[in-house]
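Summary of structural features
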Amino acid sequence: MRSTIEGPGYFTSLPGDYYASDEIFALELDRVIPRMWMFAGHISQIPQPGAFMVRQFGPETLIIIRGDDNEVRAFFNVCRHRGTQLCDPGERGEVKRIVCPYHRWSYGLDGKLRNAPGARNGADFDFEDFPLAQAECQQFHGALFVRLSSGERDKPFSEVVDTRNEATLRRVDPERTKVAHERVYPIDANWKLVLENNLECHHCASTHPELGVVCNFRGWFVDRDEVTANPEGDHFEIQEAVLFPFKKGVKTLSLDGEWVCQRPLGVGFHEGFSTGYVLLPSFVAVAYLADHGMAQAVIPVSTEKSLLLHQWYVHEDAVEGVDYDLNQLIGLFDATNVEDVAIVERVQRGVRSHHYVPGPHSPTREDGLKQGLATYLEMLDASDAVSLR
Ligand code: FES
Ligand SMILES: [Fe+2]
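Remember, it's a predicted structure, so these values are computed and weren't measured experimentally.

Examining the environment of His 203
- Relative to the assigned elements, His 203 resides in the loop between helix H5 (191–198) and helix H6 (204–207).
- Taking relative accessible area as the criterion, His 203 reaches 11% and is therefore assigned buried.
- Among all residues touching His 203, those that are not within four sequence positions of it are Asn 197, His 208 and Asp 340.

A look at the coordination of the iron ion (ligand 2)
- Protein-derived ligands of the iron ion (ligand 2) are His 203 (NE2), His 208 (NE2), Asp 340 (OD) and Asp 340 (OD), with the metal-ligand distances lying across 2.0 to 2.6 Å.
- Relative to the metal, the four donor atoms surrounding the iron ion (ligand 2) lie at angles of 55 to 150°, and the coordination shape comes out irregular.
- Between the donor residues of the iron ion (ligand 2), the gaps in sequence give the motif H-x4-H-x131-D. Of this pair, His 203 sits in the loop between H5 and H6 while Asp 340 sits in helix H9 (residues 326–351), and the two are 137 residues apart along the sequence.
- Residue classification places Asp 340 among the buried residues on the basis of a relative accessible area of 8%.

A look at the pattern of salt bridges
- Tallied over the full model, the rule gives 17 salt bridges.
- The partner of Arg 55 in a salt bridge is Glu 182, and the shortest N-O contact between them spans 2.9 Å. Of this pair, Arg 55 sits in strand E2 (residues 51–57) while Glu 182 sits in strand E11 (residues 177–187), and the two are 127 residues apart along the sequence.
- The partner of Arg 73 in a salt bridge is Asp 69, and the shortest N-O contact between them spans 2.6 Å.
- With relative accessibility at 16%, the residue Arg 73 sits in the buried group.
- One network of salt bridges, in which partners are shared, links Arg 176, Arg 263, Glu 316 and Asp 317.

Side note on the sheet that holds strand E3 (residues 60–66)
- Across the sheet, seven strands lie side by side as E1-E10-E9-E4-E3-E2-E5; this open sheet has antiparallel pairing. Two strands lie at the open edges of the sheet, namely strand E1 (38–42) and strand E5 (92–94), each paired on one side alone. Neighbour to neighbour, the strand axes of the sheet diverge by 30° on average, direction disregarded.
- Pairing of strand E9 (residues 134–140) with strand E10 (residues 143–147), which is carried by five bridges, proceeds in the antiparallel orientation. When the bridges of E10 are listed, Phe 140 appears paired with Ala 143.

Some words on the pairing of E10
- Here E10 lies mainly inside the structure; five of its five residues are buried.
- Here E10 shows a buried face lined by Ala 143, Phe 145 and Arg 147 and a second buried face lined by Leu 144 and Val 146.
- Bridge count for E1 against E10 is four bridges, and the pairing is antiparallel. Considered in E10, the bridge of His 42 is made with Ala 143.

So, helix H10 (residues 368–380)
- With 13 residues, H10 extends 19 Å from end C-alpha to end C-alpha; this agrees with the ideal 18 Å at 1.5 Å per step.
- If you check which residues of H10 are buried, you get Leu 369, Gly 372, Leu 373, Tyr 376, Leu 377, Met 379 and Leu 380. Taken end-on, H10 shows its buried residues confined to a sector of 160°, consistent with a single buried face. Opposite the packed face of H10, turned more than 90 degrees from it, sit the exposed residues Gln 371 and Glu 378.

Description of the sheet that holds E11
- As summarised here, the arrangement of the five strands in space is E11-E15-E14-E13-E12, forming an open sheet in which the pairing is antiparallel. Two strands bound the open sheet, and with one partner strand each, they are E11 and strand E12 (274–279). Neighbour-to-neighbour, the strand axes of this sheet turn through a mean angle of 15°, independent of strand direction.
- Examined bridge by bridge, strand E13 (residues 284–289) and strand E14 (residues 293–302) share five bridges and lie antiparallel to one another. In the strand pairing of E14, Val 286 is matched with Ala 295.
- The sheet strands contacting H5 are E11, E14 and strand E15 (305–315), and the helix crosses E14 at an angle near 150°.

As for the packing of H5 against H9
- Between H5 and H9, the shortest axis-to-axis distance is 10 Å and the interhelical angle comes to 125°. When the axis of H5 is compared with that of H9, the two are oblique. Considering the relative orientation of H5 and H9, their crossing is right-handed. Residues Leu 193, Val 194, Asn 197 and Asn 198 of H5 pack against Asp 340, Ile 343, Val 344, Val 347, Gln 348 and Val 351 of H9.
- Class assignment for the residues of the contact of H5 with H9 results in six nonpolar, three polar and one charged.

Cut-off values and rules
Residues numbered from 1 in each chain as written. Chains lettered and ligands numbered in written order. Predicted model: local features only at pLDDT ≥ 70, side-chain atom pairs only at ≥ 80, totals over all residues. Heavy atoms only, no water. Helix = DSSP H or I, 4+ residues; strand = E, 2+ residues; numbered from the N terminus. Buried < 20%, exposed > 50% of the residue type's maximum accessible area, 1.4 Å probe, protein only. Contact = heavy atoms within 4.5 Å. Donors = N, O, S within 2.8 Å, 3.2 Å for Na, K, Ca; no water. Tetrahedral: all angles 85-135°; square planar, octahedral: opposite > 155°, others 65-115°. Salt bridge = Lys/Arg side-chain N within 4 Å of Asp/Glu carboxyl O. Pairing = 2+ DSSP bridges. Axes fitted to C-alpha atoms, helices over the stretch in contact; angles between N-to-C directions. Expected span 1.5 Å × (residues − 1). Arc of directions from axis to C-beta. Parallel < 35°, antiparallel > 145°, perpendicular 65-115°, else oblique. Left-handed = near helix turned anticlockwise from the far one by under 90°. Nonpolar A, V, L, I, M, F, W, Y, C, P; charged D, E, K, R; others polar.

Laid out in structure tokens, this is it:
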């Protein structure tokens, strides 16, 4: 197994098998995918007790539901009787109990078995022995994250998430936003190609003309003079991430740089403001501008299939058609995502070839891939596997 991405003086992406072999994906189901913190949505999507949504992560689906105690929990979507899927993948709604459609076993919002028709609690078996299986669930400034399974070496969420921008996040007040729109883009490509694509903006000039109207892509690149001036050659840490290097006069992330929502978030109409964070190696990027926000996440499905989940946020009191126009709100990143999907699928078709050998990354424009791939490889090499199979 490959344990490094260092070549002779440069870094590369991974050999083709990592993107196209079912054996590697099977290994990831043992070692990587269950142990990654993955993005599940926004708290505004399940605002009251009983509100739930169902999300797919690899071969598993989870019911993410708010309890009577207001706690948000994530349950595996599997009945404890004979294994029937309780809810449909993608389903959303509000319930008093989770009821299996097969023989009507019913579970409370806390996952405990409350009723099993044809069986007596205590006399036939103890209901308390058959709660729904639970995944870890965390909230971070309005965003919900889940982890399917973890081993002893796995870090808690607080040690994985990048908290450098928490002060500005607080000013935005993400808990007081709501999802104005969500779109899930199916991608015919391995999830790591989506991850890699999202970790560099080397491709932006050739792929994203709309983004180029408002961003100066060079702001994302490590400066070459700093690279050559660093005697250790450790140029990957020189520059902290610039969230969005806006061109002069740009107010927000939109097709023309103008505000797309007239009801600002907590920071007020602060032109050119941006803050957010990234989670690796499951790629989750959350960004807030002064007038709206967004989250983007990659979800592995199978060897050559992934999902790109994108949510757009506005202030909780903003009204569609009055404060914002949905097409203007989503225009820039919907176009950008469609472009990314097309280019990543094209990469997938290329890396399947036996003649694909990974080539050197640009040290100044693709340095972001190093950390993402290194974190992934570290998990893949881990000996304390926690299988999803
Ligand atoms: S399988 Fe769910 S009640 Fe029988
Ligand atoms: Fe892109």
